[in-house]
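Listed below, chain by chain, are the residues.
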Amino acid sequence: MGTSRLRKIVVDGDACPVKQEIISVARRFGLPVLMVSSYDHVLRAEEGVTVVQVDRGADSADLYIANHISAGDVVVTQDYGLAALALGKRCRALSNRGQEYENSTMDFMLESRHAKAVERRRGHYSKGPKAITAEEKNLFQHKLTKLLTILQENVQQ
């Protein structure tokens, strides 16, 4: 997937467990970070990091992000719907655990999300994702660094 140029890292910050890892990697690459969350979460702006807080609505952060990303951005989210929107805008998208979302698997992921939502409406709840470990945070940081290195090399050519 081609990108026009590397622009910024945009983070779906509501439940993101790797915020500090993102900031650390972004600083090494000289990239700005946009963290978006609802007013329920307290995030602090710092050098190189812009924080935008949105209404508490279920998809408010996702909609804000979808309206403020451009080709070449990297989006970090655990929401498959937002990842699909990002891919449609020629962005790269990573999960909080470092999985890169791809167009080839997005239909399956969205169908799976829908099936789980149907089950929840029927009263069947799963435990949700397990807490992220320090090892998984390190793996995420490695994957983000690798992705940005590849994107940076492609821009410089």
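The sections below set out a description of the structure shown in this document. (Residues numbered from 1 in each chain as written. Predicted model: local features only at pLDDT ≥ 70, side-chain atom pairs only at ≥ 80, totals over all residues. Heavy atoms only, no water.)

1. Remarks on the pattern of salt bridges
Close approach of charged atoms allows side chains of opposite charge to pair.
And step 1. Evaluation of the coordinates by the stated rule reveals 5 salt bridges.
And step 2. For arginine 27, the salt bridge goes to glutamate 46, with nearest N and O atoms at 2.6 Å. Within this pair, whereas arginine 27 is found in helix α1 (residues 19-29), its partner glutamate 46 is found in the loop between β2 (33-38) and β3 (49-54), the two being separated by 19 residues in sequence.
And step 3. Accessibility expressed as a relative area gives 34% for glutamate 46, which makes it partly exposed.
And step 4. We note a salt bridge from aspartate 40 to arginine 56, for which the minimum N-O separation is 2.4 Å. Linking aspartate 40 in the loop between β2 and β3 with arginine 56 in the loop between β3 and α2 (60-68), this pair joins segments that are 16 residues apart in sequence. (Salt bridge = Lys/Arg side-chain N within 4 Å of Asp/Glu carboxyl O. Helix = DSSP H or I, 4+ residues; strand = E, 2+ residues; numbered from the N terminus. Buried < 20%, exposed > 50% of the residue type's maximum accessible area, 1.4 Å probe, protein only.)

2. A word on the sheet that holds strand β5 (residues 92-94)
And step 1. Taken together, the 5 strands give an open sheet; going across it, the order is β3-β2-β1-β4-β5, and neighbouring strands pair in parallel fashion. A single partner strand is all that each edge strand has here, and the edge strands are β3 and β5. Taken pair by pair, the neighbouring strands of this sheet meet at an average axis angle of 20°, ignoring direction.
And step 2. Sheet topology places strand β1 (residues 9-12) next to strand β4 (residues 74-76); 3 bridges connect them, and they run parallel. Bridge pairing in β4 places valine 10 opposite valine 75.
And step 3. On the sheet, α1 packs against β1, β2, β3 and β4 and is oriented at approximately 160° with respect to β2.
And step 4. Sheet strands in contact with α2 are β1, β2, β3 and β4, and its direction is about 165° off that of β1. (Pairing = 2+ DSSP bridges. Axes fitted to C-alpha atoms, helices over the stretch in contact; angles between N-to-C directions. Contact = heavy atoms within 4.5 Å.)

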